[in-house]
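This is what each chain is made of:
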Amino acid sequence: MKLLDTSCLSLFLLEIPVYDFLNELFCINESLNITKQVENEFMFKDPSNKLDEYVNSGKILLNNNIEYDELKRRYPMLGKGELSIIQWGLNLKDTCSYYCVLDDLKARKIATSLGLSISGSVGLIVILKEKNKYSKYKIDEIIDSIENSNFRISDFVLNKLRE
C-alpha cells in the first residue's frame, strides 16, 4: 500500500506526465492511496482535474477520514497533505505493509522519527525499474525529464535511480 503525498502527484501528473507512472504502478498491482487533504492540495495546483480520472477509475483510492489535529500541533511546519499521510501511516503502523510516499525532507525526517516506512516518488519509479518496465535508456530519459522539471531532487537520489 502506497500513501501518496501531493508532491508525488505533482511530479507524475504535472511535471512528467508522459510516462504515466500511476497507471504503470496500478497495472503491477500496487495499491495507490491518497487522502482528501492531498486531493484538495493537488486540485489547487491543477484545476484541470487530472487526478479525477485515477480516483474515478479506482486506480487511486481516496480516504476521507484522516484526522491529524495532534500532528498539526506538533509539526505546524508541515502541509495538510503531508500531515494526513503521516497520520495515515501511524494508523496503519503494525497492521499492514505500507509506505508513506513523501518527498519533502522535513516530512521524511518526521515520518522516520515516528517509525514509519517511507519512500519518495523516485522510489516508485525504482519499483517499475525492478519489474523491468524500463530499460536503462528509458531510465536515463526519465532522469533527464525530472532534472528539466520544477521538481527538486538531489543528484544523490537520481544517481540511485541510475544504478
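Our subject is the structure that appears above.
Report follows, based on the coordinates. Note that the coordinates shown come from a computational prediction; the quantities given were computed from them, not determined experimentally.

About the cut-offs
Residues numbered from 1 in each chain as written. Predicted model: local features only at pLDDT ≥ 70, side-chain atom pairs only at ≥ 80, totals over all residues. Heavy atoms only, no water. Pairing = 2+ DSSP bridges. Helix = DSSP H or I, 4+ residues; strand = E, 2+ residues; numbered from the N terminus. Axes fitted to C-alpha atoms, helices over the stretch in contact; angles between N-to-C directions. Parallel < 35°, antiparallel > 145°, perpendicular 65-115°, else oblique. Left-handed = near helix turned anticlockwise from the far one by under 90°. Contact = heavy atoms within 4.5 Å. Buried < 20%, exposed > 50% of the residue type's maximum accessible area, 1.4 Å probe, protein only. Phe/Tyr/Trp six-rings, centres within 6.5 Å; stacked < 30°, edge-to-face > 60°. 1 Å grid on protein atoms, 1.4 Å probe; cavity = no way out; pocket = protein on both sides within 12 Å on 5 of 7 lines; lining within 4 Å. Points joined across faces, edges and corners; volume = space filled by probe spheres on them. Nonpolar A, V, L, I, M, F, W, Y, C, P; charged D, E, K, R; others polar.

A word on the sheet that holds strand β2 (residues 32-35). The 5 strands lie next to each other as β3-β2-β1-β4-β5, forming an open sheet whose pairing is parallel. The open sheet has two edge strands, β3 (60-63) and β5 (118-119), and neither has a second partner. Where strand β4 (residues 99-101) lies against β5, 2 bridges are found, and the strand directions are parallel. Each residue of the ladder has a partner; that of V101, found in β5, is S119.

Below, the discussion takes up the packing of helix α1 (residues 6-15) against helix α3 (residues 36-45). Relative orientation of the contacting elements α1 and α3 amounts to 40 degrees, with a least axis distance of 9 Å. Classified by the interaxial angle, the pair formed by α1 and α3 is oblique. Remark: the crossing between α1 and α3 carries right-handed chirality. Residue-level inspection shows T6, L9, S10, L13 and L14 of α1 in contact with α3, the latter providing V38, E41, F42 and K45.

Judged by which residues are buried, β2 turns out to be covered on both faces: L32 and I34 on one side and N33 and T35 on the other are all buried. Strand direction decides the pairing type here: strand β1 (residues 2-4) and β2, joined by 2 bridges, are parallel. Looking at the pairing, L3 lines up with N33 of β2.

Now for the packing of aromatic side chains. Applying the stated criterion to the full structure yields 3 aromatic pairs. Between the aromatic rings of F12 and F21, the centroid separation amounts to 4.8 Å while the plane-to-plane angle is 50 degrees, which identifies the pairing as tilted. Across the pair, exposure class does not vary: F12 and F21 are buried alike. Between F21 and Y134 the ring centres are 5.9 Å apart and the planes differ by 80 degrees, which places this aromatic pair in the edge-to-face class.

This next bit is on the layout of surface pockets. In this structure, the largest pocket encloses a volume near 770 Å³. For the largest pocket, the lining is made up of 31 residues, of which S7, D103, D104, F151 and R152 are closest to its centre. With 5 residues, α1 is the largest single contributor of residues to the lining of the largest pocket. Each residue belonging to the lining of the largest pocket can be placed in one class, and the counts come to 10 nonpolar, 11 polar and 10 charged.

Right, let's get into unusual backbone geometry. Notably, D20 is not glycine yet its phi reads approximately 50 degrees, a positive angle. Residue position: D20 is located in the loop between α1 and α2 (21-27). Phi at N29 takes a positive value of approximately 70 degrees, unusual for a residue other than glycine. With respect to the helices and strands, N29 occurs in the loop between α2 and β2. Looking at N29, the relative accessible area reads 72%, which means it is exposed.

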